[in-house]
Amino acid sequence: SQQGEEDPQALSIQEGENATMNCSYKTSINNLQWYRQNSGRGLVHLILIRSNEREKHSGRLRVTLDTSKKSSSLLITASRAADTASYFCATEGGGYQKVTFGTGTKLQVIP
Amino acid sequence: DAGVIQSPRHEVTEMGQEVTLRCKPISGHNSLFWYRQTMMRGLELLIYFNNNVPIDDSGMPEDRFSAKMPNASFSTLKIQPSEPRDSAVYFCASSLPGTGGWEQYFGPGTRLTVT
């Protein structure tokens, strides 16, 4: 079963614009992770935020976590055509190492 | 580092045949996960191992599916007999403890088509 629900399901933006994706989940977590999947490839880990953190940065990525609302957001600044991919949130908790993936947001960055 | 290796990359088989998917995790990783991805159901965790021991197989759809990890460098996922609804991309991932959690490293996947 999927714990996370991403919003929007699909997003199309121009190169250089910022992209924001949201993730909502249902149960308590130890941490939340974001992954990217390029078409036809496996998922690639982007960033992990712990349940006691509110914000984290990595390069052009900014992740926020609001455990009171059970939600997270991923912001990609100054998007590039190479950012075109599907993005998944994944929650860890409720079982030893068990990570549950959301439904994903399909991002298209138009050059 | 070669990353997680999966074979075959593509498999086409007829209904009723046995299918075996293989995975070699990253050296030093002590956890291994099998996922299935379809358009309808998204990414589903089938089973995961820690130190070669199955920890949670609640995602295995039915008795036709079985998984083994005989040693730290090899795992198999077997479907017998296969059915058309098993058609999907199967991913293997391995992980190691990171700061605050377990980051997973995915293989390229095996695209299975059952006709």
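In the block above lies the structure referred to throughout.
Numbering of residues starts from 1 in every chain and runs along the sequence as written. Here the convention is simple: chains get letters from A, ligands get numbers from 1, in the order in which they are written. In keeping with the predicted nature of the model, local features appear solely for residues at pLDDT of at least 70, side-chain atom pairs appear and are counted solely at 80 or more, and the whole-chain, interface and lining totals rest on all residues. Where side-chain values are given, they derive from all heavy atoms of the structure, hydrogens and water being excluded.

Participant: Which residues make up the overall build of chain A, and what values go with them?
Facilitator: Summing up its helical and strand segments, chain A has zero helices and 11 strands in all. Element order for chain A, N to C, with α for helix and β for strand: β-β-β-β-β-β-β-β-β-β-β. Since a compact globule built from 111 residues should have a radius of gyration of about 13 Å, the 13 Å found for chain A is in line with a globular shape. In terms of its C-alpha atoms, chain A occupies a principal-axis envelope of roughly 40 × 30 × 20 Å. Categorising residues by exposure relies on relative accessible area from a 1.4 Å probe, with only protein chains included: less than 20% of the type maximum marks a residue as buried, more than 50% marks it as exposed, and the intermediate range marks it as partly exposed. The proportion of buried residues among the 111 residues of chain A is 46%. Contacts: residue pairs with any heavy atoms within 4.5 Å of one another. Across chain A, contacts joining residues at least 24 apart in sequence account for 54% of those joining residues at least 6 apart. Reported accessibility uses the Shrake-Rupley method at a 1.4 Å probe radius. Residues are deemed covered only where the shown protein chains occlude them. Only carbon and sulfur atoms are counted for the fraction: they give 44% of the accessible area of chain A, which is about 5,300 Å². Only runs of H or I of at least four residues qualify as helices and only runs of E of at least two qualify as strands under DSSP, and these elements are numbered from the N terminus. Computation of the radius of gyration draws on C-alpha atoms alone. For the globule rule, the value is 2.2 Å times the number of residues to the power 0.38.

Participant: Any details on the environment of Val53 of chain B? Residues and values, ideally.
Facilitator: All names here are of chain B. With respect to the helices and strands, Val53 occurs in strand β6 (residues 53–56). Using a relative accessible area of 46% as the deciding quantity, one classes Val53 as partly exposed. Once the C-alpha coordinates of Val53 and Leu32 are considered, the two residues, 21 residues apart in sequence, prove to be 9.6 Å apart.

Participant: An account of the state of the cysteines is needed here, citing residue identities and associated values.
Facilitator: All names here are of chain A. Disulfides are defined in this document as cysteine sulfur pairs within 2.5 Å. Tallied over the entire structure, the rule returns two disulfides over all chains. In this model Cys23 forms its disulfide with Cys89; the gap between the sulfur atoms is 2.0 Å. The disulfide joining Cys23 to Cys89 has a torsion of about 65 degrees about its S-S bond and is therefore right-handed. With Cys23 in strand β3 (residues 19–24) and Cys89 in strand β9 (residues 85–92), the pair connects residues that are 66 residues apart, well separated along the chain. Exposure remark for Cys23: the relative accessible area of 2% places this residue in the buried category.

Participant: Tell me about the nonpolar core, and please be specific about residues and values.
Facilitator: Each nonpolar core is a collection of buried residues, namely Ala, Val, Leu, Ile, Met, Phe, Trp, Tyr and Cys, held together in the definition by side-chain atoms within 4.5 Å. The biggest cluster of nonpolar side chains holds 21 residues, and the ones touching the most others in it are Met21, Leu32, Trp34, Leu74, Ile76, Tyr87 and Leu107 of chain A. When sequence neighbours within four positions are dropped, the list of residues in contact with Met21 of chain A reads Asp7, Trp34, Ser72, Ser73, Leu74, Ile76, Tyr87, Thr105 and Leu107 of chain A.

Participant: I'd love a proper account of the sheet that holds strand β1 (residues 5–7) of chain B, names of residues and values included.
Facilitator: All names here are of chain B. Whether two strands pair comes down to DSSP finding at least two bridges between them. The antiparallel open sheet is built from four strands, whose spatial order is β1-β3-β8-β7. Here the strands that pair on one side only, and so sit at the sheet edges, are β1 and β7 (65–71). Neighbouring strand axes in the sheet, compared pairwise and without regard to direction, differ in orientation by 15 degrees on average. Between the N-to-C directions of two axes lies an angle of 0 to 180 degrees, each axis being a line fitted to C-alpha atoms and, for a helix, fitted only over the stretch in contact.

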